[in-house]
Amino acid sequence: MSEISEPRVVFAHGKESGPWGSKIQHLADIARAHGFAVESLDYSDLMDATARVERLLAHAPTGAPLVLVGSSMGGYVAAMACQTLAPDALLLMAPALYLEGYPGDPSHCPDDTVVVHGWDDDIVPLEGSYAFASARRAALHVVADGHRLADSIELIGDLFSAQLQRALDRG
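The structure displayed is predicted, hence computed values, not measured ones.

**Some words on the overall build of the chain**
Scanning the chain from N- to C-terminus turns up five helices and six strands. A compact globule built from 171 residues should have a C-alpha radius of gyration of about 16 Å, and the chain, at 14 Å, falls within 12% of that. Seen along its three principal axes, the alpha-carbon backbone of the chain occupies a region of about 45 × 30 × 30 Å. With 171 residues in all, the chain has 53% of them scored as buried. For the chain, the proportion of contacts with a sequence separation of at least 24, taken over those separated by at least 6, is 65%. Summed over its atoms, the accessible surface of the chain is roughly 8,100 Å², and 51% of this surface lies on carbon and sulfur atoms. When the 11 positive and 23 negative side-chain charges of the chain are each reduced to one mean point, those points stand 2 Å apart.

**Examining the sheet that holds strand β2 (residues 37–40)**
Ordered by their spatial adjacency, six strands build an open sheet running β2-β1-β3-β4-β5-β6, and the pairing between neighbours is parallel. Each edge of the open sheet carries a strand with a single partner, namely β2 and β6 (139–143). This sheet shows a mean twist of 15° between the axes of neighbouring strands, independent of strand direction. Bridge count for strand β3 (residues 66–71) against strand β4 (residues 89–93) is five bridges, and the pairing is parallel. Residue pairing across strands places Val69 opposite Leu91, the latter belonging to β4.

**Examining the side chain of His117**
Within the secondary structure, His117 sits in strand β5 (residues 113–118). At 3.1 Å, the side chain of His117 forms a polar contact with the side chain of Asp121. When near neighbours in sequence (up to four residues on either side) are disregarded, His117 contacts Ala94, Pro95, Val124, Pro125, Leu126, Ser129, His141, Val142, Val143 and Leu149.

**With respect to the pattern of salt bridges**
Scanning the model with the defined rule gives seven salt bridges in all. A salt bridge links Asp45 to Arg55; its shortest N-O distance comes to 2.7 Å. Of this pair, Asp45 sits in the loop between β2 and α2 (49–59) while Arg55 sits in helix α2; the two residues are 10 residues apart in sequence, bridging distant segments of the chain. Classification of Asp45 by relative accessible area gives exposed; the value is 54%. Relative accessible area serves as the criterion here: at 29%, Arg55 is assigned to the partly exposed category. Ionic pairing is found between Arg166 and Asp112, a salt bridge with its closest N-O pair at 2.9 Å. Taken together, the residues span a long stretch of sequence, with Arg166 in helix α5 (residues 153–170) and Asp112 in the loop between β4 and β5 at a distance of 54 residues.

**Let's talk about unusual backbone geometry**
The step from Ala64 to Pro65 runs through a cis peptide bond, and the omega angle for that step is 0°. Locating Pro65 in the fold gives a position in the loop between α2 and β3. Although it is not a glycine, Ala60 adopts a positive phi angle of roughly 50°. Relative to the assigned elements, Ala60 resides in the loop between α2 and β3. Given the relative accessible area of 41%, Ala60 is considered partly exposed. One non-glycine residue, Tyr98, adopts positive backbone phi at about 60°.

Basis of the calculations
- Residues numbered from 1 in each chain as written.
- Predicted model: local features only at pLDDT ≥ 70, side-chain atom pairs only at ≥ 80, totals over all residues.
- Heavy atoms only, no water.
- Helix = DSSP H or I, 4+ residues; strand = E, 2+ residues; numbered from the N terminus.
- Rg over C-alpha atoms; globule rule 2.2 N^0.38 Å.
- Buried < 20%, exposed > 50% of the residue type's maximum accessible area, 1.4 Å probe, protein only.
- Contact = heavy atoms within 4.5 Å.
- Areas by Shrake-Rupley, 256 points an atom, 1.4 Å probe, with all protein chains shown as cover.
- Lys, Arg positive; Asp, Glu negative; His and termini not counted.
- Charge placed at Lys NZ, Arg CZ, Asp CG, Glu CD.
- Pairing = 2+ DSSP bridges.
- Axes fitted to C-alpha atoms, helices over the stretch in contact; angles between N-to-C directions.
- Polar contact = N/O pair within 3.5 Å; in protein donor to acceptor, adjacent residues only side chain to side chain.
- Salt bridge = Lys/Arg side-chain N within 4 Å of Asp/Glu carboxyl O.

Here you go:
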């Protein structure tokens, strides 16, 4: 019988960022305000996307509800972990999907999946987010921003806050 656990958000950072970058810090504060425990694994020693997915799966986070959040390579990591971890919600920011070195197509993503991507992203093409979101009828927010989404942090925070509230309301 599985243990009942507290609400939890697990972050997966991008390839060249760290576990507590500015976006994650901002979103972690929002999660804590909603009563969620917050985790952000450090993947900075791993450059391989599949190895990062394996690290998250080995960590095996639980939560009721469980929300996964990923940015860039971390978006790939969070999305690919859905089949095993079965999160209640998923937030992806400029996810590195369908690129060379990022094998597979995420499956079992939750109904409450939100994707934010910048029109001016010169690192990860918008087309991957569009393909991912359209195949799942996920919410896709395309913003006037670049890969880091630095000018969209308030919007992302608002979307995330609403998503966390929906997860709590369902629970």
